Structure formats: C-alpha cells, structure tokens
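Take a look at the letters that make up each chain.
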Amino acid sequence: MTETVLVTGGAGYIGSHMTLSLLEAGIQVVVLDNLCNSTAESLRRIERICGKAPVFIQGDIRNNAILDNIFTEHRIDAVLHFAGLKAVGESVQKPLDYYSNNVAGSLNLYQAMARAGVFHLVFSSSATVYGEPEQMPISENAPIGTPTNPYGRSKLMVEELLKDLAHSDPRWSIALLRYFNPIGAHESGLIGEDPNGIPNNLLPYISQVSIGKLKELAVFGNDYSTRDGTGIRDYIHVVDLADGHLKALQAISTQSGIHVWNLGTGTGYSVLEMIKAFEHASGVPVPYRIAPRRPGDIAECWADPSKAARELGWQAKRGLEEMMLDTWRWQSGNPQGYME
Ligand code: NAD
Ligand code: UDP
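Residues numbered from 1 in each chain as written. Chains lettered and ligands numbered in written order. Predicted model: local features only at pLDDT ≥ 70, side-chain atom pairs only at ≥ 80, totals over all residues. Heavy atoms only, no water.

Caption draft 1: Local environment of the overall build of the chain. Scanning the chain for helices and strands turns up 11 helices and 14 strands. Radius of gyration (C-alpha) of the chain: 19 Å, near the 20 Å computed for a compact globule of 340 residues. With respect to the three principal axes, the spread of C-alpha positions in the chain is 55 × 45 × 40 Å. Per-residue burial over the chain gives 54% buried out of 340 residues. A separation of at least 24 residues holds for 80% of the contacts in the chain among residues at least 6 apart in sequence. The centroid of the 28 positive side-chain charges in the chain is displaced by 1 Å from the centroid of its 37 negative side-chain charges. (Helix = DSSP H or I, 4+ residues; strand = E, 2+ residues; numbered from the N terminus. Rg over C-alpha atoms; globule rule 2.2 N^0.38 Å. Buried < 20%, exposed > 50% of the residue type's maximum accessible area, 1.4 Å probe, protein only. Contact = heavy atoms within 4.5 Å. Lys, Arg positive; Asp, Glu negative; His and termini not counted. Charge placed at Lys NZ, Arg CZ, Asp CG, Glu CD.)

And the structure:
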C-alpha cells in the first residue's frame, strides 16, 4: 500500500495537479521544489481545493543533505519525479543547466533513494525521446529517436540510466511515463500552467493572446504534409495525465522492473484546429499569423495509448472542449497567473 510519496517539482504545472490528485486519493505527499519555475502559491491553492496540504520542503534535488533528511523524517513509499527544466530553446543556450538539473539532479535523487531503501519511482519522460518517428500513432516499441536538443537528450539519458538501474537490481520498480502534450487545468480554475516570461508552448501562448497579454500567435509553418499544413500533436488534459500516474503508481507497487507507458489520448489536432477550439470555448478571437517553421519541430506526433489502457486500465477521459474550457477558466480567472 502506498501511504506517503515524495513529489519532486510538486509546485510546478504537472506536479501541482499530481499533488492534488494524490491528496484526494488519500495519499500523503511531501513536495520538494526549489521554486525556480513555480511558486508556493500553487500549494496553498491545492489546500483551498481539497482541504489538505502537502508537506512542503523548498530545496534542490541536487542537495544530498535535504534528500537524506526527507527520507529519514518521512516514511516514503515511492517517488514521483517531476523536477527539472523543460524549455527546449533555453536548453540549447544553457546546456550545462539542463544536464545539471535534469541528469545530475536525477542521478542524485536515485542515489539518495537507494541509500534510503526506496525503490519505487515514477519518472516524467516525454514523447520527445521518439525523435522523428516513421509511423503514427507512436507505440512504446517504436525505436527511440535522436532528440534534436539538450532537453530531449537529458530525458533520453535519464531513461537509459534507469533501464541500467532496473536491470542491475530487482528491487527497483520504475515507471517511465512518456507524456505527449499536457494542457488544461483543474476544473476549479485555481491551479494551472503559469509560465515565466513569454510562453514557448502553444496553449499558454494562445491563452495569453486571448486575454490581450500578447498581441498575436505565430503559427509555426503551414506547409507540413498534414490535413491543413500545420503541426499535429496529441494534447492531453493534465488531470487525465495525473490519473495515469496514479494508475502507474499502483502498478509498480506490485511489480518490479522497468515499464514504459505512453500517456496520450490517441488523437491529434492541428494548430489551426486548436485555435478554433479555443475560440469556441472562450468566445474570444485569437489573432494569428503564419510564420516560418520552428527549427526542430516535427510535422505530427500522436500516441498509441493502448498499452496503458491494457496494462493500467487507464485512458484519457477529457476531450478537447473540456481542455479548452478549463484552460480558459484558469487563464481568465488568473490573468497574472499566481501573482494576484
Ligand atoms: P514545471 O516547470 O511547471 O515544473 C517543474 C518544477 O520543478 C518547477 O516547480 C521547478 O521549480 C522545479 N524544479 C526544477 N529544477 C529543480 C531542482 N533542481 N530541484 C528542485 N526543484 C526543481 O514543468 P512541468 O510542465 O510541470 O513539467 C514537469 C516534468 O514533466 C518535467 O520533468 C518535464 O520535463 C516533464 N514533461 C513536461 C511536459 C510539458 O509539456 N509540460 C512534457 C513532457 C515532459
Ligand atoms: N506552435 C505554434 N506557435 C507557437 C507555439 C507552438 O505554431 O507559438 C506549434 C508548434 O509548431 C507545434 C505545436 O504548436 O506544431 C505544439 O507546440 P508546443 O511547443 O506546444 O509543443 P511541442 O513542440 O513540444 O510538441
């Protein structure tokens, strides 16, 4: 039985939704986050939603003393590891930061887990590890590709490290979850994605245009060989994503080894379809212009989520309209994000 978990990066976008789902499921949560890309306000909002709060420790996954202290003070059954840096463009400019936080930080965390005798781990990986896949939809046994940037390579390195670890010692029980494109927000409108500065990802950009914070969206390329020429992705509601983690956590509590699951919906939408769906949900126009392709982007990417359905009994439940309504509720209710 999983009673207490450590969530690294639990104040961030996905980690905060995860923390809420865990608390709602009756699991105690210790959050470790250095707040380099988040604020502790997300944790206070979680308490407003569910009446329960995680234990919060502000600190870095690269700090051994903090990690050892957490594992001594709390009876941690499993770790959900979200902490890390995630901006693709920034990773090209600052590779050392990315390898330090994402690779060295993860390594440090796993060493601390081993010292403490905690061998259950859920790791946030990404569909980016598939590189430019030859076939759609992408199943877990599609070949691993060649990520085109340090961020993607950092995820791949950690996956490889974890495979070696699981093969070296049968006590480890590890879920590698490859996310497609998480969007949306909790239905309360109290927690959501709050990027620093100008957003890199499509949905935060669209929603900031819709409230007038940004002037117009640049659509990166309309000459891909897709149905309308714009890029196609598999967008998944962040609450469905958190549910997938709960199921993965259950699964690894009873089986050892390393398991890879795609977390996606199995349906792809183009950039233009996303703009239209957002406008429909919000009732607000989203001005856009067609711009050149963004270097490193692929034409299309969507999941075959059937392995997770078969093995975890999980599938995404929330459709595009709900994703858009929830994004809009969060963005319109919190135009400055967590800064009130
Ligand atoms: P996020 O930036 O909102 O959350 C990450 C959290 O980790 C932040 O709160 C940040 O302050 C914290 N953090 C970063 N470095 C840390 C360190 N060294 N020590 C302690 N805390 C640290 O990002 P997110 O979107 O919630 O992503 C969570 C995880 O999921 C990341 O590992 C990311 O790479 C992965 N992922 C995200 C997406 C996506 O589109 N959002 C897609 C695939 C994978
Ligand atoms: N995109 C876009 N304009 C933006 C941001 C993204 O046209 O300002 C497109 C991008 O080219 C891709 C899709 O939206 O086709 C999703 O991009 P995002 O950065 O959100 O996710 P990822 O590239 O990681 O799949």
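From this point, things continue past the structure.
Caption draft 2: Layout of the side chain of Thr8. Looking at the element boundaries, Thr8 is found in strand β1 (residues 4–8). Here Thr8 is in contact with Leu32, Ile61, Val79, Leu80, His81, Phe82, Ala83 and Leu109, once residues within four sequence places are set aside.

Caption draft 3: Local environment of the sheet that holds strand β2 (residues 28–33). The strand order across the open sheet formed by seven strands is β3-β2-β1-β4-β5-β6-β11, and the pairing between neighbours is parallel. Edge strands, defined here as strands with exactly one partner in the open sheet, are β3 (55–58) and β11 (257–263). Direction aside, neighbouring strands of the sheet carry axes that sit 20° apart on average. Of the strand pairs in this sheet, β1 and β2 are connected by five bridges, and their pairing is parallel. Each residue of the ladder has a partner; that of Thr4, found in β2, is Gln28. Against the sheet, helix α6 (residues 150–168) touches β5 (120–126), β6 (173–179) and β11, its axis set at about 150° to β5. Its contacts with the sheet put helix α8 (residues 238–254) on β1, β4 (78–81), β5, β6 and β11, and the angle it makes with β6 is roughly 160°. (Pairing = 2+ DSSP bridges. Axes fitted to C-alpha atoms, helices over the stretch in contact; angles between N-to-C directions.)

Caption draft 4: Structural context of the site of ligand 1. Near ligand 1 you find 27 residues, and of these Asp33, Asn37, Ser38, Asn101 and Tyr151 are the closest. Between ligand 1 and Tyr13, the relevant distance is 2.8 Å, taken from an oxygen atom to a main-chain nitrogen or oxygen of the residue. A distance of 3.1 Å is found between an oxygen atom of ligand 1 and a backbone nitrogen or oxygen belonging to Cys36. In isolation ligand 1 has 820 Å² of accessible area, and contact with the protein removes 95% of it. For the shell around ligand 1, the element with the highest residue contribution is β5, accounting for three residues. In terms of residue class, the shell around ligand 1 is made up of 11 nonpolar, 11 polar and five charged. (Near = heavy atom within 4 Å. Polar contact = N/O pair within 3.5 Å; in protein donor to acceptor, adjacent residues only side chain to side chain. Areas by Shrake-Rupley, 256 points an atom, 1.4 Å probe, with all protein chains shown as cover. Nonpolar A, V, L, I, M, F, W, Y, C, P; charged D, E, K, R; others polar.)

Caption draft 5: The arrangement of the site of ligand 2 in detail. Close contacts around ligand 2 come from 14 residues, with Leu202, Ala218, Arg233, Arg294 and Asp297 the closest. For ligand 2, a nitrogen atom lies 2.7 Å from a polar atom in the backbone of Ala218. Out of a free accessible area of 510 Å², ligand 2 has 87% covered by protein chains. Per-element accounting of the shell around ligand 2 gives the leading share, four residues, to strand β8 (residues 217–220).

Caption draft 6: View of the UniProt feature "domain: NAD(P)-binding" (unreviewed entry) in the chain. Those places that UniProt annotates as "domain: NAD(P)-binding" (unreviewed entry) correspond, in this numbering, to residues 6–325. From the first C-alpha to the last, residues 6–325 spans 31 Å; its make-up is 41% helix and 18% strand. (UniProt positions renumbered as here; feature names shortened; annotations may be inferred.)

Caption draft 7: Structural detail: empty space enclosed by the protein. Scanning all chains against the criterion turns up two cavities of 30 Å³ or more. Size it by volume and the largest cavity reaches roughly 100 Å³. Forming the boundary of the largest cavity are 13 residues, of which Glu193, Pro204, Ser207, Thr327 and Trp330 lie nearest the centre. Only α7 (202–210) and α11 (320–333) provide two or more residues apiece to the lining of the largest cavity. Considering every element that reaches the lining of the largest cavity, the biggest residue donor is α7, with four residues. Approximately 30 Å³ is the volume found for the second largest cavity. Every residue along the wall of the second largest cavity is listed here: His81, Ala83, Gly84, Asn102, Ser106, Phe123 and Lys155. (1 Å grid on protein atoms, 1.4 Å probe; cavity = no way out; pocket = protein on both sides within 12 Å on 5 of 7 lines; lining within 4 Å. Points joined across faces, edges and corners; volume = space filled by probe spheres on them.)

Caption draft 8: Molecular detail of the environment of Arg115. Within the secondary structure layout, Arg115 lies in helix α5 (residues 95–116). Overall, Arg115 belongs to the partly exposed group, its relative accessible area being 48%. Distance in space between the C-alpha atoms of Arg115 and Thr226 is 50 Å, their sequence separation being 111 residues. Here Arg115 is in contact with Asn64 and Asp68, once residues within four sequence places are set aside.

Caption draft 9: Main features of the packing of aromatic side chains. By the definition in use, this model includes three aromatic pairs. Considering the side-chain rings of Phe119 and Trp172, the 5.1 Å spacing of their centres and the 85° angle between planes classify their relative orientation as edge-to-face. In this pair, Phe119 is assigned in the loop between α5 and β5 and Trp172 in the loop between α6 and β6, connecting sequence segments 53 residues apart. Given a relative accessible area of 10%, Phe119 falls into the buried group. Residue Trp172 is classed as buried on the basis of its relative accessible area, which comes to 2%. (Phe/Tyr/Trp six-rings, centres within 6.5 Å; stacked < 30°, edge-to-face > 60°.)

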